[in-house]
Amino acid sequence: MIELAIEGMSCQHCVKAVTEALAEVPGVTAVLEVSHERGIARVAGTASPQALIEAVQDAGYQAEVRQ
């Protein structure tokens, strides 16, 4: 599982946009959680962290891997 810190989400529309962007990344088997309240996304699968970050950025938000 990879957990990302997401900046810029403020509503359920944002959650939907990030969820859809992450789900399209090759290697993602499930988007486990996206929360604008907590500012996180959790993803299962074999996708590279960089590919996930780029997908979130392409959707208009900032992301980094949480340690």
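Residues numbered from 1 in each chain as written. Predicted model: local features only at pLDDT ≥ 70, side-chain atom pairs only at ≥ 80, totals over all residues. Heavy atoms only, no water.

1. Regarding the overall build of the protein
From N to C terminus, the protein includes two helices and four strands. Helices and strands appear in the protein in the N-to-C order β-α-β-β-α-β. At 10 Å, the protein has a C-alpha radius of gyration in line with the 11 Å of a compact globule built from 67 residues. If one aligns the C-alpha atoms of the protein with their principal axes, the spans along those axes are about 30 × 25 × 20 Å. (Helix = DSSP H or I, 4+ residues; strand = E, 2+ residues; numbered from the N terminus. Rg over C-alpha atoms; globule rule 2.2 N^0.38 Å.)

2. Digging into the pattern of salt bridges
Oppositely charged side chains may form a pair once their charged atoms are brought near each other. Tallying each qualifying case throughout the model produces four salt bridges. Between Arg-42 and Glu-33 there is a salt bridge, and its shortest N-O distance comes to 3.0 Å. Arg-42 sits in the partly exposed class, given a relative accessible area of 24%. Residues participating in the shared-partner salt-bridge network are Glu-33, Arg-38 and Arg-42. (Salt bridge = Lys/Arg side-chain N within 4 Å of Asp/Glu carboxyl O. Buried < 20%, exposed > 50% of the residue type's maximum accessible area, 1.4 Å probe, protein only.)

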